[in-house]
Amino acid sequence: EAITIQELANRMAERAVDVIKLLMRQGQMLKINDVIDADTAELIATEMGHTVKRVADSDVEEGLYAEADHADDTTPRPPIVTIMGHVDHGKTSLLDALRHANVVAGEAGGITQHIGAYQVEQNGQKITFIDTPGHAAFTAMRARGAKATDIVILVVAADDGVMPQTVEAIAHARAAGVPIIVAVNKMDKPDAKPERVRTDLLRHDIVVESMGGDTLEIEVSATKKMNLDKLLEAILLQSEVLELKANPDRDAEGIVIEAKLDKGRGPVASVLVQRGTLKVGDILVAGSEWGRVRALLNDKGAQVPSAGPSMPVEVLGFQGTPDAGDRVAVVDSEARAREITEYRIRSKRENQLKTAAGTRGSLEQMMTKLQTAGRKDFPLVIKTDVQGSLEAIVGALEKLGNDEVGARIVHGGVGGITESDLTLAEASEAAIIGFNVRANTQARQAAERSGTEIRYYNIIYNLVDDVKAAMSGMLSPER
Ligand code: GDP
């Protein structure tokens, strides 16, 4: 366990310069970002008149997430649905059509707010739709160990058939063990060929009902609003089979589906409640942020006193902005909330320090190698939405190099760009590339502070082309 001088000073609410002076008097010349071990830190703290409490790590999060709900206490909950499929097959259109198809008469004035998820009603039963189509968000959440989807709607355009991202979506749903309902879309088009979609799907081991399998399949048109109620009924049928249940009478747990810093309202997090009931006044932790719920707003922008299982709500009252994908739990006191979040911030920093130290070492090793080989290198941190794109990009970039200059992938990973990517990039003087992913607020702020470049792409060809151009700028002038 190690800590930077800055961090130690922060925790004692002392000035870092005083810590440095004290260390100097003991014969150690250190700078503000240097790391000292736990024993030295304890010595310093005691010397400066602070009482030291070392936290036993594993105890801190003990009991934060409850054990599984007791079957006796559970009641049925609405299914949570994500729409996936190839680009332009109609995911967004379908989400919009479903959202508007179910506006109850008289409620038409209620403008639906984008809070990351919304609920519709069919035959008096609710269904929750995650408002970000595609597998990027789905994968990002799964990468953090959060399962926020019960059913995947696979949209396949009848005039286009099964395409690469259709296949990717199938793989993602399978990997997560989430059942698929096929929506064959654009059935209004004259060149619609639903038969071809069905046989294409067979090749990916999806056997729809009409072909003797058990995958539900509905032919729809998002733009003509055709068969939308049939699709909703299929979802309810599938969710009956899944027997989705949760205990509403306990402290809430859930997941952050979106979060932002709002100018007027402060940090705003959209939370999908997974079990229990979230109430105004509850104290929440989400990742390394916490807060007391000041207000809850539903997907129509209306204030609600509480939110039960499968309900999405905007939560006001967080002290800072959590990350999408963060797990949310209610705790019983502010002190407990502080203890947990401080512990998480600390372990995150420690991990970063370890990673940063690791790369610095390897960078030095590399530099010496470079000097002997005379080859310049172009360090990059790459984040993508899916593993497949990551592999394709890394493969393409590695081929770009010649004996004078080459790309070096400091880190490649799946998911949004986070502060820890920035730390890594800073430590290795790398640029960051986001493919179909964005940087979160903290990462953007860190990038501004350190002057690290973040570039976004959604076409691999453009990405590779740009890196190539940048690398040729590094070539010696005579070439
Ligand atoms: P996404 O990329 O999967 O989100 O696809 P979009 O929802 O943006 O749709 C792509 C294009 O297909 C848009 O021009 C839509 O108007 C069109 N589209 C979507 N659904 C239908 C449909 O059911 N019928 C027809 N004819 N066009 C559709």
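As shown above, the structure is provided for reference.
Residues numbered from 1 in each chain as written. Predicted model: local features only at pLDDT ≥ 70, side-chain atom pairs only at ≥ 80, totals over all residues. Heavy atoms only, no water.

Caption draft 1: The arrangement of the overall build of the protein in detail. Helix and strand counts for the protein come out as 14 helices and 23 strands. By the burial criterion, 49% of the 479 residues in the protein qualify as buried. Across the protein, contacts joining residues at least 24 apart in sequence account for 73% of those joining residues at least 6 apart. On the protein, roughly 23400 Å² of surface is accessible, and the fraction owed to carbon and sulfur atoms is 49%. (Helix = DSSP H or I, 4+ residues; strand = E, 2+ residues; numbered from the N terminus. Buried < 20%, exposed > 50% of the residue type's maximum accessible area, 1.4 Å probe, protein only. Contact = heavy atoms within 4.5 Å. Areas by Shrake-Rupley, 256 points an atom, 1.4 Å probe, with all protein chains shown as cover.)

Caption draft 2: Fine view of the pattern of salt bridges. Throughout the structure, instances matching the rule amount to 22 salt bridges. In this structure, arginine 77 and aspartate 150 form a salt bridge, with 2.9 Å as the shortest nitrogen-oxygen distance. Highlighted residues: arginine 77 in the loop between strand E3 (75-76) and strand E4 (80-85) and aspartate 150 in the loop between helix H6 (135-143) and strand E7 (151-157), separated in sequence by 73 residues. Since its relative accessible area comes to 17%, arginine 77 is described here as buried. Salt-bridge contacts for lysine 383 lead to aspartate 421; the nearest nitrogen and oxygen are separated by 2.8 Å. (Salt bridge = Lys/Arg side-chain N within 4 Å of Asp/Glu carboxyl O.)

Caption draft 3: Layout of the site of the ligand. Around the ligand lies a shell of 15 residues, among which Asp88, Lys91, Thr92, Ser93 and Asp188 are the nearest. Within the side chain of threonine 92, one N or O atom sits 2.6 Å away from an oxygen atom of the ligand. Here an oxygen atom of the ligand sits 2.6 Å away from a polar atom, N or O, in the side chain of serine 93. Ranked by residue count, the leading element in the shell around the ligand is helix H5 (residues 91-101), at 3 residues. Across the shell around the ligand, the residue classes break down as 2 nonpolar, 8 polar and 5 charged. (Near = heavy atom within 4 Å. Polar contact = N/O pair within 3.5 Å; in protein donor to acceptor, adjacent residues only side chain to side chain. Nonpolar A, V, L, I, M, F, W, Y, C, P; charged D, E, K, R; others polar.)

Caption draft 4: Structural detail: the sheet that holds strand E20 (residues 376-384). Reading across from one edge, E21-E20-E22-E23 is the order of the 4 strands in this open sheet, with parallel pairing throughout. The two strands at the open ends of the sheet, each matched to only one other strand, are strand E21 (405-414) and strand E23 (454-457). Each neighbouring strand pair of the sheet contributes to a mean axis angle of 25°, computed without reference to strand direction. Summarising the sheet, strand E22 (residues 431-435) and E23 pair through 4 bridges and their orientation is parallel. By the bridge assignment, glycine 434 is partnered in E23 with tyrosine 456. (Pairing = 2+ DSSP bridges. Axes fitted to C-alpha atoms, helices over the stretch in contact; angles between N-to-C directions.)

Caption draft 5: Main features of the sheet that holds strand E8 (residues 180-185). One open sheet accounts for 6 strands, arranged E5-E6-E4-E7-E8-E9; its pairing is mixed. Two strands in the sheet have a free side with no partner beyond their single neighbour: strand E5 (117-122) and strand E9 (217-219). For this sheet the average axis-to-axis angle between neighbouring strands, irrespective of direction, equals 30°. Relative to the sheet, helix H7 (residues 164-176) contacts E4, E7 and E8, its axis offset from that of E7 by approximately 170°.

Caption draft 6: Seen up close, the pairing of E7. With respect to burial, E7 is a largely interior element, 7 of its 7 residues being buried. With 6 bridges joining them, E7 and E8 adopt parallel strand pairing. From the neighbouring strand, valine 156 faces E8, where its bridge partner is valine 184. Each parallel crossover has a hand, and for E7 linked through H7 to E8 it is right-handed. (Right-handed = clockwise from strand over helix to strand, strands pointing away.)

Caption draft 7: The arrangement of the side chain of asparagine 185 in detail. The topology assignment puts asparagine 185 in strand E8. Given a relative accessible area of 3%, asparagine 185 falls into the buried group. Polar contacts involving the side chain of asparagine 185 include one to the main-chain amide nitrogen of alanine 222, which spans 3.0 Å.

Caption draft 8: Geometry of the pairing of E4. Taken across its 6 residues, E4 has 6 buried, putting it largely inside the fold. Burial along E4 is two-sided: the face carrying Ile80, Thr82 and Met84 and the face carrying Val81, Ile83 and Gly85 are both buried. Direction of pairing for E4 relative to strand E6 (residues 125-130): parallel, over a ladder of 2 bridges. Bridged to valine 81 within E6 is phenylalanine 129. Two strands pair when backbone bridges link them, and E4 and E7 are joined in this way by 5 bridges, in the parallel orientation. Bridge pairing in E7 places methionine 84 opposite leucine 154.

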